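# Summary of the model geometry
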Amino acid sequence: MTARVAVATARYGDPWDELAVLSGRLAGALACTADVDVLIPEGGASAPGTGWDGACRLLRFPAERVEPRRRAAWRTVVLGAADDDEPGACACPRG
């Protein structure tokens, strides 16, 4: 039985966009040993759909951008309260 994996990315298919190319290469590499679904959110009036890019199945679905205040609240919950401009203190263990 072949494993099925998914790559979730907001940028895919644009040969001039480095992150889109990286997403495509990652999905292609995974497709060498697994069935790959690439999950691509589409904003606005774009219709959801299914297609193929080589061995990877592309699944486009409607999505809305999360408002910045809500995203910041989730980031604080997950990562804690930290200033983005402050790299933070590093306390490396010494043995």
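Whatever comes next refers back to the structure up there.
Anyway, here's the lowdown on the structure attached to this text. Source: prediction; values computed, not measured. (Residues numbered from 1 in each chain as written. Predicted model: local features only at pLDDT ≥ 70, side-chain atom pairs only at ≥ 80, totals over all residues. Heavy atoms only, no water.)

## Looking at the overall build of the chain
- Within the chain, the secondary structure is distributed over 2 helices and 4 strands.
- In the chain, which comprises 95 residues, the share counted as buried stands at 16%.
- The long-range fraction of contacts in the chain, counting pairs at least 24 apart against all pairs at least 6 apart in sequence, stands at 38%. (Helix = DSSP H or I, 4+ residues; strand = E, 2+ residues; numbered from the N terminus. Buried < 20%, exposed > 50% of the residue type's maximum accessible area, 1.4 Å probe, protein only. Contact = heavy atoms within 4.5 Å.)

## Topic: the pairing of strand β4 (residues 56-62)
- Relative to β4, strand β2 (residues 34-42) is paired through 7 bridges, and the arrangement is parallel. Across the sheet, Val38 pairs through a bridge with Leu58, a residue of β4.
- The hairpin formed by strand β3 (residues 49-53) and β4 contains 2 residues between the paired strands, and Gly54 there has a positive phi angle of roughly 65°. (Pairing = 2+ DSSP bridges.)

## So, the side chain of Ser23
- Mapped onto the elements, Ser23 comes out in helix α1 (residues 18-30).
- One polar contact links the side chain of Ser23 to the main-chain carbonyl oxygen of Arg11, over a distance of 3.3 Å. (Polar contact = N/O pair within 3.5 Å; in protein donor to acceptor, adjacent residues only side chain to side chain.)

## Digging into the sheet that holds β3
- Within the open sheet, the 4 strands sit side by side as β1-β2-β4-β3. Their pairing is mixed. Looking at the sheet topology across the chains shown, the edges are occupied by β1 (3-8) and β3. Taken pair by pair, the neighbouring strands of this sheet meet at an average axis angle of 25°, ignoring direction.
- Relative to β4, β3 runs antiparallel, the two sharing 5 bridges. Directly across from Asp53, in β4, lies its bridge partner Cys56. (Axes fitted to C-alpha atoms, helices over the stretch in contact; angles between N-to-C directions.)

Purely geometric stuff here, so don't read any function into it on its own.
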